[in-house]
Amino acid sequence: QLQLVESGGGLVQPGGSLRLSCAASGLSLGHYVSGWFRQAPGKEREGISCIHGDGRVFYADSVKGRFTISTDNSKNTVYLEMNNLKPEDTAVYYCAADPLDLSCGATMINSFDYWGQGTQVTVSS
């Protein structure tokens, strides 16, 4: 059974850091594009970062320079390291996987095939 399970969300103060993890089962992330999305209350879902199996990455302008995506194929896990967090980063964060290279390029498509259940990130003092 194909499954993506996120962990690592929580409450953090502005300027703080968190690392999100997404463990995959039923598929090999090395053969997929992995992505992170987020959705804040009242806002549309936003693709913020994605990574190909060969390491090519994309970052949305809103997180560029602060967030880093990576994968550990031996653990079949994708990570999102988030630094210098801001209150506007507050959202539910979702990991996703898609078999098509075109899903992650100059932009990210919003319709990846496989999704996790989401993890809440709250940035507040």
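The rules we used
The numbering scheme is per chain: residues are counted from 1 as the chain's sequence reads. Where local features are concerned, this predicted model is filtered to residues with pLDDT of at least 70; where side-chain atom pairs are given and counted, the filter is 80 or more; whole-chain, interface and lining totals use all residues. Side-chain metrics in this entry use all non-hydrogen atoms of the structure; hydrogen atoms and water are not considered. Every helix listed is a DSSP run of H or I at least four residues long, and every strand listed is a run of E at least two residues long, numbered separately from the N terminus. Think of it in three bands: with a 1.4 Å probe and only protein chains considered, a residue is buried below 20% of the maximum accessible area for its type, exposed above 50%, and partly exposed in between. In what follows, a contact means two residues having at least one pair of non-hydrogen atoms within 4.5 Å. Reported accessibility uses the Shrake-Rupley method at a 1.4 Å probe radius. Residues are deemed covered only where the shown protein chains occlude them. When DSSP finds two or more bridges between two strands, those strands count as paired. We call Phe, Tyr and Trp rings a pair once their centres come within 6.5 Å, taking the six-membered ring for Trp, and we label the pair stacked below 30 degrees between planes, edge-to-face above 60, and tilted otherwise. Remark: nonpolar core denotes a set of buried residues (Ala, Val, Leu, Ile, Met, Phe, Trp, Tyr, Cys) joined through side-chain atoms within 4.5 Å. Between the N-to-C directions of two axes lies an angle of 0 to 180 degrees, each axis being a line fitted to C-alpha atoms and, for a helix, fitted only over the stretch in contact. Under the rule applied, a polar contact is a pair of N or O atoms within 3.5 Å (in protein, one hydrogen donor and one hydrogen acceptor; residues adjacent in sequence only if both atoms are side-chain atoms). Here, the term disulfide refers to a pair of cysteine sulfur atoms separated by no more than 2.5 Å.

Engineer: How should I be thinking about the overall build of the chain in this particular structure?
Structural biologist: A tally of regular secondary structure across the chain gives 0 helices and 11 strands. Going from N to C terminus, the chain has its helices and strands arranged as β-β-β-β-β-β-β-β-β-β-β. Seen along its three principal axes, the alpha-carbon backbone of the chain occupies a region of about 40 × 30 × 25 Å. A burial count over the chain gives 43% of its 125 residues as buried. By sequence separation, contacts in the chain at least 24 residues apart represent 60% of the contacts at least 6 residues apart. In the form shown here, the chain has an accessible surface area of approximately 6,300 Å², with 48% of it arising from carbon and sulfur atoms.

Engineer: When you look at the pairing of strand 4 (residues 33-39) in this model, what are you seeing that I'm missing?
Structural biologist: As a general feature of sheets, a regular strand has side chains that alternate between the two faces. Of all the 7 residues making up strand 4, 6 are buried; the element is thus mostly covered by neighbouring parts of the structure. Of the pairings in the sheet, the one linking strand 4 to strand 9 (residues 91-98) comprises 7 bridges and is antiparallel in character. From the neighbouring strand, Val33 faces strand 9, where its bridge partner is Asp98. With 5 bridges joining them, strand 4 and strand 5 (residues 46-51) adopt antiparallel strand pairing. Along strand 5, the bridge assignment pairs Phe37 with Gly47. Linking two consecutive strands that pair antiparallel, namely strand 4 and strand 5, is a turn of 6 residues; a positive phi of about 80° is found at Gly42 within it.

Engineer: Just to check I follow, could you spell out the packing of aromatic side chains for this structure?
Structural biologist: Here the structure, examined in full by the defined rule, presents 4 aromatic pairs. A centroid spacing of 5.1 Å and a plane angle of 80° characterise the contact between Phe37 and Phe112, whose relative ring orientation is edge-to-face. Residue Phe37 is located in strand 4, and its partner Phe112 is located in the loop between strand 9 and strand 10 (114-115); the two are separated by 75 residues in the primary sequence. Grouping residues by exposure puts Phe37 and Phe112 together as buried.

Engineer: Mind showing me how you'd approach the nonpolar core here?
Structural biologist: Soluble globular proteins tend to bury their nonpolar side chains together. Formed by 26 residues in total, the largest nonpolar core has its most connected members in Trp36, Phe67, Leu80, Met82 and Tyr93. Ranked by size, the runner-up nonpolar core spans 9 residues in total, among them Cys50, Ala60, Cys104 and Phe112.

Engineer: Teacher, can you tell me more about the sheet that holds strand 1 (residues 3-7) here?
Structural biologist: Paired through their backbone hydrogen bonds, the strands of a sheet run either parallel or antiparallel. The 4 strands lie next to each other as 1-3-8-7, forming an open sheet whose pairing is antiparallel. A single partner strand is all that each edge strand has here, and the edge strands are strand 1 and strand 7 (67-72). Here the average twist between neighbouring strands, direction ignored, is 15°.

Engineer: Whenever I open this one, the side chain of Thr119 confuses me. Can you help?
Structural biologist: Relative to the assigned elements, Thr119 resides in strand 11 (residues 119-123). Look at Thr119 and you get buried, because its relative accessible area is 12%. Here Gly9 takes part through its backbone nitrogen, which lies 3.3 Å from a polar atom of the side chain of Thr119. With sequence-adjacent residues up to four places away left out, Thr119 is seen in contact with Glu6, Gly8, Gly9, Leu20, Ala91, Val92 and Tyr93.

Engineer: Explain the state of the cysteines here, please?
Structural biologist: By definition, a disulfide links two cysteine residues through a covalent bond between their sulfur atoms. Evaluation of the coordinates by the stated rule reveals 2 disulfides. Each sulfur in the disulfide pair Cys22 and Cys95 lies 1.9 Å from the other. With the S-S dihedral at roughly 45°, the linkage between Cys22 and Cys95 falls on the right-handed side. With Cys22 in strand 3 (residues 18-25) and Cys95 in strand 9, the pair connects residues that are 73 residues apart, well separated along the chain. The burial state of Cys22 is the same as that of Cys95; both residues are buried. Note on cysteine connectivity: Cys50 is disulfide-linked to Cys104, with sulfurs 2.0 Å apart. Judged by the sign of its S-S torsion, about 85°, the bond between Cys50 and Cys104 is right-handed.

That's the geometry; what it means functionally is another story.
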